[in-house]
2 protein chains.
Amino acid sequence: MGFDQQAKAADVTGIPCVRTVVDLRSAIARWRAAGETIGLVPTMGALHDGHLALVAASLEKMDRTVVTILVNPLQFGPEEDLSAYPRNEAADGEKLTAAAADLLYAPAIEEMYPPGFATEVRVAGLTEMLCGASRPVHFAGVATVVAKLFLQAQPDAAFFGEKDYQQWLVVRRLARDLDMAVRVERVATMREGDGLALSSRNAYLTPEERAIAPKLFEMLGQMAAAIRKGRAIDDAIAWGKDELRRAGFGKIDYLEVRDQESLVPIEAGEEGARIFAAVHLGKTRLIDNLAVAD
Amino acid sequence: MGFDQQAKAADVTGIPCVRTVVDLRSAIARWRAAGETIGLVPTMGALHDGHLALVAASLEKMDRTVVTILVNPLQFGPEEDLSAYPRNEAADGEKLTAAAADLLYAPAIEEMYPPGFATEVRVAGLTEMLCGASRPVHFAGVATVVAKLFLQAQPDAAFFGEKDYQQWLVVRRLARDLDMAVRVERVATMREGDGLALSSRNAYLTPEERAIAPKLFEMLGQMAAAIRKGRAIDDAIAWGKDELRRAGFGKIDYLEVRDQESLVPIEAGEEGARIFAAVHLGKTRLIDNLAVAD
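1. With respect to the overall build of chain A
And then number 1: The secondary structure content of chain A amounts to 10 helices and 10 strands.
And then number 2: For 294 residues, the compact-globule formula gives about 19 Å, and the C-alpha radius of gyration of chain A, at 19 Å, lands near that figure.
And then number 3: In terms of overall dimensions, chain A has a C-alpha envelope of 55 × 40 × 40 Å along the principal axes.
And then number 4: Across the 294 residues that make up chain A, the buried fraction comes to 46%.

2. Brief notes about the sheet that holds strand S10 (residues 284-291) of chain A
Residues and elements named next belong to chain A.
And then number 1: Spatial ordering of the open sheet is given by S8-S9-S10, a layout of 3 strands whose pairing is antiparallel. Looking at strand neighbours, the two that pair on one side only are strand S8 (252-259) and S10, the edges of this open sheet. Taking each pair of neighbouring strands and ignoring which way they run, the sheet shows an average axis angle of 10°.
And then number 2: Bridge count for strand S9 (residues 273-281) against S10 is 8 bridges, and the pairing is antiparallel. Within S10, the residue paired with Val 279 across the bridge is Leu 286.
And then number 3: Running over the sheet, helix H9 (residues 215-228) touches S9 and S10 and is turned about 30° from S10.

3. Focus: the domain arrangement of chain A
All names here are of chain A.
And then number 1: Split by domain assignment, chain A resolves into domain 1 (9-187) and domain 2 (200-291).
And then number 2: Taking only C-alpha atoms into account, the centre of domain 1 sits 27 Å from that of domain 2.
And then number 3: Residues that form the side of domain 1 that touches domain 2 fall into these classes: 8 nonpolar, 3 polar and 1 charged.

4. Comments concerning the interface of chain B and chain A
And then number 1: Listed as interface residues are 21 residues of chain B and, on the opposing side, 21 residues of chain A.
And then number 2: For the side of chain B that touches chain A, the elements supplying multiple residues, two or more each, are strand S5 (119-123), helix H6 (138-153) and helix H7 (165-177) of chain B.
And then number 3: Among the elements that make up the side of chain B that touches chain A, the one with the highest residue count is S5(B) (5 residues).
And then number 4: Split by residue class, the side of chain B that touches chain A holds 12 nonpolar, 3 polar and 6 charged.

5. Regarding the environment of A:Lys61
And then number 1: With respect to the helices and strands, the residue A:Lys61 is situated in helix H2 (residues 49-61).
And then number 2: Residues contacting A:Lys61, with those up to four places away along its chain left out, are A:Gly39 and A:Ala157.

6. Structural notes on the packing of helix H6 (residues 138-153) of chain A against helix H7 (residues 165-177) of chain A
All names here are of chain A.
And then number 1: Between H6 and H7, whose axes approach to 10 Å, the crossing angle comes to 50°. Judged on the interaxial angle alone, H7 and H6 are oblique. Considering how the two elements wind past one another, H6 and H7 form a crossing that is right-handed. Across the interface between the two elements, Phe 139, Val 142, Ala 143, Val 146, Ala 147 and Phe 150 from H6 touch Gln 167, Val 170, Val 171, Leu 174 and Ala 175 from H7.
And then number 2: Within the contact of H6 with H7, the residues separate by chemical class into 10 nonpolar, 1 polar and no charged.

7. Some details on the sheet that holds strand S3 (residues 64-69) of chain A
Residues and elements named next belong to chain A.
And then number 1: The strand order S1-S4-S3-S2-S6-S7 describes an open sheet built from 6 strands, whose pairing is parallel. Each end of this open sheet is capped by a strand with a single partner; those strands are strand S1 (17-18) and strand S7 (183-187).
And then number 2: Alignment of strand S2 (residues 38-43) against S3, held across 6 bridges, turns out to be parallel. Within S3, the residue paired with Ile 38 across the bridge is Arg 64.

8. Comments concerning the relation of the copies chain B and chain A
And then number 1: In the superposition of chain B on chain A (RMSD 0.0 Å, axial shift 0.0 Å), the rotation amounts to 180°. Accordingly, the operation relating the two chain copies is best matched by a two-fold axis. Considering only C-alpha atoms, the residue of chain B closest to the rotation axis is B:Val121, which sits at 2.3 Å.
And then number 2: Taken as a fraction of all interface residues of chain B, those also at the interface in chain A reach 100%, which identifies the copy contact as same-surface.

9. Looking at the confidence of the model for chain A
Residues and elements named next belong to chain A.
And then number 1: Of the residues in chain A, 96% reach a pLDDT of 70 or more, and the chain-wide mean stands at 93.
And then number 2: Confidence drops under a pLDDT of 50 for residues 1-9, and excluding neighbours within four residues, the segment shows 12 contacts in the predicted structure.
And then number 3: Interface scoring of the predicted complex returns ipTM 0.91; its pTM is 0.92.

10. Regarding unusual backbone geometry
Leave glycine aside and you will find that most residues have negative phi; peptide bonds, for their part, are mostly trans.
Residues and elements named next belong to chain B.
And then number 1: Unusually for a residue other than glycine, Ala 100 sits at a positive phi of about 70°.
And then number 2: Among the structural elements, Ala 100 can be located in the loop between helix H3 (89-99) and strand S4 (103-105).
And then number 3: Of note, the phi angle at Gln 154 is positive, near 45°, even though the residue is not glycine.

11. As for the pairing of strand S10 (residues 284-291) of chain B
And then number 1: By the criterion of burial, S10(B) is predominantly enclosed, with 6 of the 8 residues buried.
And then number 2: Hairpin connection, strand S9 (residues 273-281) of chain B to S10(B): the antiparallel pair is bridged by 2 residues, and B:Gly282 has positive phi, about 60°.

Calculation rules
Residues numbered from 1 in each chain as written. Chains lettered and ligands numbered in written order. Predicted model: local features only at pLDDT ≥ 70, side-chain atom pairs only at ≥ 80, totals over all residues. Helix = DSSP H or I, 4+ residues; strand = E, 2+ residues; numbered from the N terminus. Rg over C-alpha atoms; globule rule 2.2 N^0.38 Å. Buried ≥ 20, exposed ≤ 12 C-beta atoms within 10 Å, placed from the backbone. Pairing = 2+ DSSP bridges. Axes fitted to C-alpha atoms, helices over the stretch in contact; angles between N-to-C directions. Contact = placed C-beta atoms within 7 Å. Domains from an automatic or database assignment. Nonpolar A, V, L, I, M, F, W, Y, C, P; charged D, E, K, R; others polar. Parallel < 35°, antiparallel > 145°, perpendicular 65-115°, else oblique. Left-handed = near helix turned anticlockwise from the far one by under 90°. Least-squares fit on C-alpha atoms with pLDDT ≥ 70 in both. pLDDT = per-residue confidence, 0-100.

Rendered as structure tokens:
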């Protein structure tokens, strides 16, 4: 974990920026002493309008909003895009300044995981399916970093995007299970005009792939409509996979209809049903999800 | 986890007793509001003078002392003594009342692990050797319950016995790694007049075994003296194992000399060296440890 994530540390202007747990707690303690509520928006940077929707949700509901930026090495598998993951702290700082967030917390990797660090937080069940099946270390890395961020900042609420629906379930579960007094809120997915869910990884798409990408959400919508009209779930899934392949997508990690609380497979019906997809498009892996019910 | 640990719930008199996280936090919040410091003493009940030494250490250093009693199913392996583990909450309550502890927190298993509970805290490295090698699930269960107790009570300090030295290291590690603002203190092992470390499991010993048991600590002392005088560590360990077997002990899970911070094996010398032992005596497993240096 020796790469220099914080090379651009000096570039953040506008929004106050802290780099250490001590400084973070000191800033938050002042607000707490004044009786203010604290919202936390954990991110890996490369901020887009989807992140800013989380910031806006926090600003609306909470007195103070703290945004964290950390490209968390624990949640990348050995074959994944940790070193290539987009980083641009100066631009992120400008966006957060314009959004009027109160504080940016951008710790170095060594501040989060000092020498000797050895603890892992795991959530069983929820993390073993869907994205957990194809990215086995991912959710333990997410759970561990989020547990640390929650304990460092002790926010009243934290805001996560619906695009990463399974992540939201995992975080809500760990916060409950570890008796953390934080509400874990879910914010609706921001989309481009053509329906593509905003994601930092969209930057990897070629123009040709970018033209294909919106068909993922389009297909989820068509599947949901078909299920609502009575089409069998297995049949809808098979049809969806065929259509995605025909549209030009590569490997389909999964395309599933699951209960949106437990993530267990749903046999029939639409109540509590949600469609989850992870598909490859060129070198990029895209995820999205949609409730079956209107 | 459906057994009825709390059958004796109504029997506690004297010391105030709470059963839920909400009541625990409410009691502690009143003390916090008055500016008082909080000490936590996590136990599995069956309290003896070793536990009361932890309570005394907390009472001496902290304004308020909360003792928890929970026979934690997560830290027992499938072959271990969960159902046989001694439970006597009424007697425990009397001892805590006499000791002048401020609060007993004795939650039901279902309060700690409600339906759907799925989160585990693991500490790598430290937990994979010594007791971790022979009790593979043990330390994950300890780490998980202690993380929960720390987050439920948010104490300023918590008190653990030196007899369970490895446990103290694991708890200290997880508290640091998860950014918990709690000091994890170590309290010297309480011993019978003949040197046997106090343990709830001593109650399992037959009179014949009880007569043999003190030779464990005696042997640790002799090994430490021999190493201080220059005896080679490997040689001292081999000698110690022979003497324990000769004294009547059964299977030796381990008898090792380790660095007392990292628990890695020590080749020679006494600085930071500590002898760790886990040995069976009849149906009982006894542990003890001793610093090599005087």
